[in-house]
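# A closer look at the structure
This is what each chain is made of:
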Amino acid sequence: MFWSFLLLLAWIAAGTACTRLCLAAVRAGAADPDAGPNGRGRDLTLYEAAFLSGGPARVADLTLVSMARQRRLLLAHTGWATVVDPSGRDEMERSVIGAIGPEGQSRIAPVRAATAGAEAVRGLADRLVAAGLAVPDGARRGIAFAVRQVRSAALAVLALGAVALLVPGRDTVPRDLVALWFALPLVLTLSCLAVARIEVHPYSRWASPAGQRLLTALTRRTRTTGPHGAGDERTYLTSVAVLGVRAVDEPDLRAAFAHRETQHIPGERLR
C-alpha cells in the first residue's frame, strides 16, 4: 500500500512543522513578557514608535523626513541627500550626517542603510527589548522560520496526496477515501497557519504585544489630535513613524524616497 506510506510522510511533515511553530510561539511568549519595568506607564518617543512599527529602516526614514522638514537636510527628488546643517540634534541625526559623509552629499539608499545599522539604532532596539516592548531578534526569526516550515509542509501534503491519487497501488481503496485521509494533515497545517495569523502574527513584527498596545494608544491619540492644531508637526511625524513614508504628503519628498529601495536592508521586507 504505497499510498499509506505517502500518507505517513504527510503526517510527519505536518506534525513536525506545526509542533515547531507551537514551540517557537511558546519560546517567544516566554521571552516576551507584557512589559519590563521600563515599559509600564510610559509614552513612546517618535524613534521608539518608528522602530516598533517598522524596525531600523523606519527609524532611518523618520530621521530623514524630520531633518528634511526642518530644512536641515535636502532630499532631492533624484534620490540624493545633501546636508544643510551639519549639527545633529540627537544621536540619530548624527548617524544620518555621518552616513552621508564629509562631502555632505550622498545617495539616499546607502544613507538609509547605514543609518539603520548604526549603533544608535542598535542601542534603541536593545532598550526596547529590555523594556519588553520589542521582540528579540532570535524570537522574531524563529517564528518567521516556523511559519515558512508550516507553509512548506502544507504544499508537501498536497504534493504527496496528488502522487497517492495518481500512481497505482491503492488496491481497492476508493480515491475519495484516500483524498479524505490526506485532507486531514492538510487541514492541520492550514488551521495552524490560521491560528498563527491571529495569535502569533504580532510576534512576527517588531513590537511585542505590550509594544503594540502602546502603538495603538499613540495612534489613537494622534487621530484624536487631528491634522490641525498645535501638535501639527508631531502628529505628522507620528504618522510617518507608524505608517512609513507613505504618510509623506509632499510630492518632492515622496519622489526622493521612491529611490530608497535600490539598496535592500537585511531583514526588511520591501514595501
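Residues numbered from 1 in each chain as written. Predicted model: local features only at pLDDT ≥ 70, side-chain atom pairs only at ≥ 80, totals over all residues. Heavy atoms only, no water.

### A few points about the packing of helix α2 (residues 46-69) against helix α5 (residues 119-130)
Here is the rule we go by: To get an axis, fit a line to the C-alpha atoms, keeping to the stretch in contact for a helix; angles then go from 0 to 180 degrees between the N-to-C directions. Put simply, DSSP H or I for four residues or longer makes a helix, DSSP E for two residues or longer makes a strand, and each gets a number counted from the N terminus. If an angle is under 35 degrees, it is roughly parallel; if it is over 145, roughly antiparallel; if it lies from 65 to 115, roughly perpendicular; otherwise it is oblique. When the near helix sits turned anticlockwise from the far one by under a right angle, the crossing is termed left-handed; a clockwise turn instead gives a right-handed crossing. Every residue pair with non-hydrogen atoms within 4.5 Å of one another is taken to be in contact.
Remark: α2 packs on α5, axes separated minimally by 11 Å, with the N-to-C direction vectors making an angle of 135°. Accordingly, the angle class assigned to the pair α2 and α5 is oblique. For the crossing formed where α2 meets α5, the hand is left-handed. Taking contact as the criterion, the partners of Tyr47, Glu48, Phe51, Leu52, Pro56 and Val59 in α2 are, on α5, Val121, Leu124, Ala125 and Leu128.

### Thoughts on the pattern of salt bridges
Note the threshold: Salt bridge, as used here, is a side-chain nitrogen of Lys or Arg placed within 4 Å of a carboxyl oxygen of Asp or Glu. Any residue under 20% of the maximum accessible area for its type is buried, any over 50% is exposed, and the rest in between are partly exposed; the area is computed with a 1.4 Å probe on protein chains only.
Scanning the model with the defined rule gives six salt bridges in all. A salt bridge links Glu250 to Arg69, with the nearest nitrogen and oxygen atoms 2.4 Å apart. Pair noted here: Glu250 is in the loop between α9 (232-243) and α10 (251-257) and Arg69 is in helix α2, with a separation of 181 residues, a long-range link. Between Glu93 and Arg72 there is a salt bridge, with its nearest N and O atoms 2.6 Å apart. With Glu93 in helix α3 (residues 91-100) and Arg72 in the loop between α2 and β1 (73-75), this pair connects stretches of sequence that are 21 residues apart. Exposure class is identical for Glu93 and Arg72. Each is buried. A single salt-bridge network, built from bridges that share partners, covers Arg69, Glu233 and Glu250.

### Quick notes on the confidence of the model for the chain
Inclusion rule: Confidence scores per residue from the predictor, reported as pLDDT, run from 0 to 100.
Per-residue confidence for the chain gives a mean pLDDT of 83; residues scoring 70 or more make up 82%. The secondary structure element of the chain with the lowest average pLDDT is helix α8 (residues 209-225), at 80, and the one with the highest is α3, at 95.

### Topic: the sheet that holds strand β2 (residues 80-83)
Strands in a sheet are paired, the pairing made by backbone hydrogen bonds, and the direction either parallel or antiparallel. Condition: Following DSSP output, two strands are said to pair if at least two bridges run between them.
Pairing in this open sheet of three strands is antiparallel, and the strands run β1-β2-β3 from one edge to the other. A single partner strand is all that each edge strand has here, and the edge strands are β1 and β3 (105-107). Across the sheet, the axes of successive neighbouring strands diverge by a mean angle of 20°, strand direction being ignored. Relative to β3, β2 runs antiparallel, the two being bridged by three bridges. In the strand pairing of β3, Ala81 is matched with Ser106. Sheet contacts for helix α4 (residues 108-116): β1, β2 and β3; angle to β3, the most-contacted strand, approximately 90°.

### Looking at the packing of aromatic side chains
Rules: Pairing of aromatic side chains here covers Phe, Tyr and the six-membered ring of Trp, requires ring centres within 6.5 Å, and sorts the geometry by plane angle: under 30 degrees stacked, over 60 edge-to-face, intermediate tilted. Counted as over-ring charges are cases with an Arg CZ or a Lys NZ within 6 Å of the ring centre that also lie within 35 degrees of the ring normal.
Across all of its chains, the model carries two aromatic pairs by this definition. For the pair Phe51 and Trp206, a centre-to-centre distance of 5.5 Å together with 65° between the ring planes defines the contact as edge-to-face. Of this pair, Phe51 sits in helix α2 while Trp206 is found in the loop between α7 (175-200) and α8, placing the two residues 155 residues apart along the sequence. Phe51 sits in the buried class, given a relative accessible area of 6%. Accessibility expressed as a relative area gives 17% for Trp206, which makes it buried. In this arrangement the basic side chain of Arg69 is found over the ring face of Tyr236, its NZ or CZ atom lying 3.7 Å from the centre.

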